[in-house]
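Here is what each chain is made of, one letter per residue.
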Amino acid sequence: MIKAVRGTRDLLPPETALWNFVESAVRDVFRAYNFQEIRTPIFEATELFARGVGEETDIVSKEMFTWNDRGPLDSGDAFIPGPTFDRVREHASAKEEESRRRVQSLTLRPENTAGVVRAYIQHDLEKRGLNKLFYIGPQFRRERPQKGRYRQFFQIGAEVIGPPSAGSESPARDAEVLEMLATLLDRLGITGWTLELNSVGSAADRARFNAALRASLVPVLGQMCSDCQRRAVTNPLRVFDCKVPADQPLIETLPRISQFLDNDSLRHFEAVQEILTKVGVPFTLNDRLVRGLDYYTRTAFEFTHGALGAQNAILGGGRYDGLSEALGGPPAPGIGFAIGEDRLVMSLQESAESVMKKPNVYIAPLGAGMNAETARLARELRRHDLIVDLGDENFRLKKSFEAATKAGAKYILIVGENEVKADVFSLKNLATGEQVSVPRAELAKKIQA
RNA sequence: GUGGGAAUAGCUCAACUGGCAGAGCACCGGACUGUGGCUCCGACGGUUGCGGGUUCGAUUCCCGUUUCCCACCCCA
């Protein structure tokens, strides 16, 4: 049997109803803040992620699905039967050299911010001023699968990006995005979330902080865990993520980014807090909160939820004022976030069953020739926005009743010879047992009531 | 990538120190030929994840492998 490959999965009904519930809530809420949808390709040039996410990050260095695409003469790593492939190569050998020159390393997107910023640059979106864009879609990382962590996973994200003159740098944007997220979680009925907030400063702040941090680590490093010793070399900020109890006193003595914020960063951070307080969005300051991706500056945040085990972060994001320029674009400060949709769905209290719409009516054809009659009736009723399911003329009535009940239909409509002859149909409420005769013209109205 | 646990019917799970692979639910049929849910009866359902080994005999013990789960690493 061929199965879904490692780290991927099928989303089946009724769970898919829950996904739709989440996504339509997202579209509603984001729309109220004037965000519009963007869809970028699920694969991009590898270089985009190397430059945008950071060469040294775990994502880029070991978690990407990357392959060489060799231009139009073959399909890269796709399976091609030998003989056909050889024939193609023979006749194409003259063009092979050219094909080889077109070799390009491609990668399934491990996140979506880089793609959005790429599109922003490519289509000159700066000319539209401030852009508020959101996306919903699959992302891919070659990690060890775990609950709430898949190799194909889904993210819902949004980005506010534009030229500084459009206000893209303003702390008002940070606060607006955070308030929008609080609204979304509330709307979804998710309680018990925590917003953790920090500022990681400007690029210059981080450079000074990094130098100081490295210097402070030198004398104590020998006493720290092996993970921290490794982090100190690869990514010193991550030392703050350490959970080893013995290391905590040492970590407490290390400098904090908050001590290195320049006046602009400080004012920005304070302004964000002030607005959040005023609009009533609760938050917790966490000066050990760091972000894994290179492009983050200033505001960094995470929403966590206790019921998710070790994978407790339900969404994360922050400001990335230098990303556009790092990708060769114009100055375009921005702030964004990504929600782990798989985890979000997991943390929902509602059962999938409760958000799935049930059929309004199940039509039961009764006897030879009735399929045609019911098809016609179903078409009429569906045009009135009713959810209609139907049986088959060979079903015994009992079987239709059982199918209607199982489908959760509110009514069953019986269509037999007597009904067709009179053009009056038997409509029974499956919950109350009440049954009435209804003329064709009044059916939709009666069912809707 | 590292460490640990698990895998048996569509689903949830049993099966004693190695001895005929089972139950509940679901599904299908019947009791009941144009009136469901409840009840009763019956039927269907398995390469015990896959491959090897030990044994008269393996769901059970051993080795390998795949996948999932838990914890790391890291991250949404």
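Use the structure listed above.
In this text, all values refer to a predicted model and were calculated from it rather than measured experimentally.

**Q** Pulling in residues and values, what's your account of the nonpolar core?
**A** The biggest cluster of nonpolar side chains holds 61 residues, and the ones touching the most others in it are Phe30, Phe35, Met224, Phe301, Phe303 and Phe337. No other element matches helix H6 (residues 171-187), which puts 8 residues into this core. Among the nonpolar cores identified, the runner-up in size contains 24 residues, and Ala114, Leu125, Leu133 and Tyr295 belong to it.

**Q** Which residues make up helix H1 (residues 15-32), and what are the values?
**A** Compared with the 26 Å implied by 1.5 Å per residue over 18 residues, the 26 Å span of H1 between its first and last C-alpha is a close match. Those residues of H1 not exposed but buried are Ala17, Leu18, Trp19, Val22, Glu23, Ala25, Val26, Val29 and Phe30. Positive backbone phi, approximately 65°, marks asparagine 34, located one or two places after H1.

**Q** Account for the sheet that holds strand E2 (residues 43-45), naming residues and giving values.
**A** Two strands in a sheet stick together by hydrogen bonds in their backbones, pointing the same way (parallel) or opposite ways (antiparallel). The strand order across the open sheet built from 3 strands is E2-E4-E3, with neighbouring strands paired in antiparallel fashion. Two strands bound the open sheet, and with one partner strand each, they are E2 and strand E3 (66-69). Adjacent strand axes in the sheet meet at a mean angle of 35° when their direction is disregarded. Relative to strand E4 (residues 104-108), E2 runs antiparallel, the two being bridged by 3 bridges.

**Q** Lay out the pattern of salt bridges with the relevant residues and their values.
**A** Where charged atoms from two side chains of opposite charge come close, those side chains can pair. Under the criterion given, the structure shown has 22 salt bridges. Here glutamate 143 ties to arginine 149 by a salt bridge, and the two come within 3.0 Å at their closest N and O atoms. Of the charged contacts in the structure, one is a salt bridge between aspartate 205 and arginine 208, with a shortest N-O distance of 2.9 Å. Here the residue aspartate 205 and the residue arginine 208 both occupy positions in helix H7 (residues 203-220), the gap between them amounting to 3 residues, near one helical turn. Given the relative accessible area of 42%, arginine 208 is considered partly exposed. Through salt bridges with shared partners, a single network forms among Glu252, Arg256, Asp287 and Arg288.

**Q** Any chance you could break down the packing of aromatic side chains for me, citing the residues and the numbers?
**A** A complete count under the given rule lists 9 aromatic pairs for this structure. Taking the centre distance of 5.3 Å and the plane angle of 50° together, the rings of tryptophan 193 and phenylalanine 303 count as tilted. Taken together, the positions of tryptophan 193 in strand E7 (residues 193-199) and phenylalanine 303 in strand E9 (residues 297-305) put the pair 110 residues apart, joining distant regions of the chain. Each member of the pair tryptophan 193 and phenylalanine 303 is classed as buried. Each ring, one from phenylalanine 301 and one from phenylalanine 303, has its centre 6.5 Å from the other, and the planes form 90°; the classification is edge-to-face. With relative accessibility at 0%, the residue phenylalanine 301 sits in the buried group.

Definitions and limits used
Residues numbered from 1 in each chain as written. Chains lettered and ligands numbered in written order. Predicted model: local features only at pLDDT ≥ 70, side-chain atom pairs only at ≥ 80, totals over all residues. Heavy atoms only, no water. Core = buried A, V, L, I, M, F, W, Y, C linked by side-chain atoms within 4.5 Å. Buried < 20%, exposed > 50% of the residue type's maximum accessible area, 1.4 Å probe, protein only. Helix = DSSP H or I, 4+ residues; strand = E, 2+ residues; numbered from the N terminus. Expected span 1.5 Å × (residues − 1). Pairing = 2+ DSSP bridges. Axes fitted to C-alpha atoms, helices over the stretch in contact; angles between N-to-C directions. Salt bridge = Lys/Arg side-chain N within 4 Å of Asp/Glu carboxyl O. Phe/Tyr/Trp six-rings, centres within 6.5 Å; stacked < 30°, edge-to-face > 60°.

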